[in-house]
Amino acid sequence: MNPTETRSRQPQKMVLMGMGNAGKSSILKTILNEFDSFASLLPTTGVERTRMEFFGRELSIWDFGGQIDYRKMYLSRPIMYFQGIKYLYYVIDAQDDAKIPESIEYFLKVFENTIEFSDDVKVYLFFHKIDPKTPKNVAVKYTGIEENFLVATLPEMKRHKIEPVIFHTSIFNPMTVISAFSRPLLGNQTIYETLCEAVDSFCWERELPFGIIFLDTLEIGSYYANSKVFDYVNTKIAKYLDWLDDVEEPPEYKMGKFDVTTKQFTILIGENEFTFNLMVGVDPLNAPDEIDELFTSMGEFSDGLEKILLNAEIIRSGELRTENLFNSIDPEERRRQLDELDELAELEEEDRFKLAEKERELEILDEQYVKMKEKMPEESEDSEDDDEVDFDDLDE
Ligand SMILES: Nc1nc2c(ncn2[C@@H]2O[C@H](COP(=O)(O)OP(=O)(O)OP(=O)(O)O)[C@@H](O)[C@H]2O)c(=O)[nH]1
Ligand SMILES: [Mg+2]
């Protein structure tokens, strides 16, 4: 095994830190789709390590118990705990304002040690326990807590040129946790956004209420028609993921008031085969006309997704690179496909612009037509004909 291979196979260290009871282990269980184990969770003793693979990347996740004695222990032996951290996930319990000053103090120490003992670390702040249906006055309190935390910690992060990414999460909206966790792992935001846009247009064209692309237990792109749909899907998603875990070829699934169709597709990159699940919801009361062709069009759509994934910036940037991943695509071919994608995006943008212009023109014509009609109190048959002729002329 050559040294590059050894390095690429080394797991990346991801840590979950924060005060006791903040929700770190619950977040981890959510990511692992182990929803059944919430009830039996006890405070974590010391550090619990879990291995996980995501898109060809080995991860070692360290869940740091947050009770006072453990916190002291980590800080007194920083070399043991703070070396080689690639992703620092710091969890703040947004419901527990009494603990915020202590959480700020702990974060600053954690940050200082991480910077000292790890290179090239990325920082993610989870303002957690922001549960669905939070009343407005409580939500305002959460915002205040977030502001206090940031005011006290951002200057120190800025001094080290670290820009944290902020997420608002709750285990009762599991997709907030799953997507917050997956996005950094995809390597950069652009690919996530591109995939979301793709799902968005697929669903929008067919008036589908939602669509999600899963890779293993994580999410790499999604669309929800509105926040009500998002909350609804979140109440059902744990069961769906459990079910998805158990079935070989996912058929139809009933998610409460929605029907769900799932299309599984695999992509071979180098020696690694990745299995994706593209799922979309259908509202039976507002099903698309071409419902029978939905599965077929999902197949065609997944070909497009495959293209995006193969060309993804993550692969080019080397963020996700194993040697195999990188060598698997001929650079010429990659460039050609990328140019093609760029061209397509430009054309789409142009089309959208033209369409909007045309719509605006039609609106103006409509307004003019209405005004014209209002000005003509008595209409003879002749004048009606004239109107039509005028309007058609204008339209051209
Ligand atoms: N309301 C609400 N409660 C949550 C959420 N996430 C976790 N909890 C609860 O918070 C409590 C603590 O969760 P844990 O995941 O054990 O917390 P921890 O950060 O791992 O705690 P330590 O291991 O002691 O550091 C449990 O009762 C969870 O059910 C959330 O999003 N909303
Ligand atoms: Mg724990």
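Quick caveat, the model's predicted, so the values are computed rather than measured. (Residues numbered from 1 in each chain as written. Chains lettered and ligands numbered in written order. Predicted model: local features only at pLDDT ≥ 70, side-chain atom pairs only at ≥ 80, totals over all residues.)

### Regarding the sheet that holds strand β3 (residues 57-64)
Read across the open sheet, the six strands follow the order β2-β3-β1-β4-β5-β6; overall the sheet is mixed. In this open sheet, the two edge strands, each paired with only one partner strand, are β2 (47-54) and β6 (165-169). Between one strand axis and the next, the sheet turns by 20° as a mean value, whatever way the strands run. Across seven bridges, strand β4 (residues 85-93) lies against strand β5 (residues 122-128) in parallel orientation. Bridge assignment links V91 to a residue of β5, and that residue is F126. (Pairing = 2+ DSSP bridges. Helix = DSSP H or I, 4+ residues; strand = E, 2+ residues; numbered from the N terminus. Axes fitted to C-alpha atoms, helices over the stretch in contact; angles between N-to-C directions.)

### Comments concerning the environment of F127
Here F127 lies in strand β5. A residue is classified by how many C-beta atoms lie within 10 Å of it, and F127, with 21 of them, is buried. Residues F127 and I145 lie 18 residues apart in sequence; the distance between their C-alpha atoms is 9.0 Å. Those residues in contact with F127 that sit more than four places away from it in its chain are I92, A94, Y142, E146, I166 and H168. (Buried ≥ 20, exposed ≤ 12 C-beta atoms within 10 Å, placed from the backbone. Contact = placed C-beta atoms within 7 Å.)

### Focus on the confidence of the model for the protein chain
Across the protein chain, the average pLDDT comes to 83, with 82% of residues at 70 or higher. Mean pLDDT across the elements of the protein chain ranges from a minimum in helix α12 (residues 323-327), with 35, to a maximum in helix α5 (residues 100-117), with 97. Contacts for the low-pLDDT stretch residues 379-396, under 50 throughout, to residues beyond four places or in other chains number seven contacts. (pLDDT = per-residue confidence, 0-100.)

### Quick word on unusual backbone geometry
One non-glycine residue, N21, lies in the positive phi region at around 70°. Mapped onto the elements of the fold, N21 is located in the loop between β1 (12-18) and α2 (24-31). Exposure remark for N21: the 16 C-beta atoms within 10 Å place this residue in the partly exposed category. Its identity is not glycine, yet K133 carries a phi of approximately 60°, on the positive side.

### Description of the pairing of β4
Among the nine residues in β4, seven count as buried, and that is most of the element. With six bridges joining them, β1 and β4 adopt parallel strand pairing. Residue pairing across strands places L16 opposite Y89, the latter belonging to β4. Once the chain exits β4 it traverses α5 before rejoining the sheet at β5, and the crossover so formed is right-handed. (Right-handed = clockwise from strand over helix to strand, strands pointing away.)

### Side note on the pairing of β6
Two strands pair when backbone bridges link them, and β5 and β6 are joined in this way by five bridges, in the parallel orientation. When the bridges of β6 are listed, Y124 appears paired with V165. Since β5 and β6 lie parallel, the crossover through helix α6 (residues 136-159) that links them has a hand, and here it is right-handed.

### Observations concerning the site of ligand 1
Of all residues adjacent to ligand 1, which total 21 residues, the nearest are G23, S25, P43, T44 and G66. Element by element, the count of residues in the shell around ligand 1 is highest for α2, at three residues. When its residues are assigned to classes, the shell around ligand 1 shows six nonpolar, twelve polar and three charged. (Near = placed C-beta within 6 Å. Nonpolar A, V, L, I, M, F, W, Y, C, P; charged D, E, K, R; others polar.)

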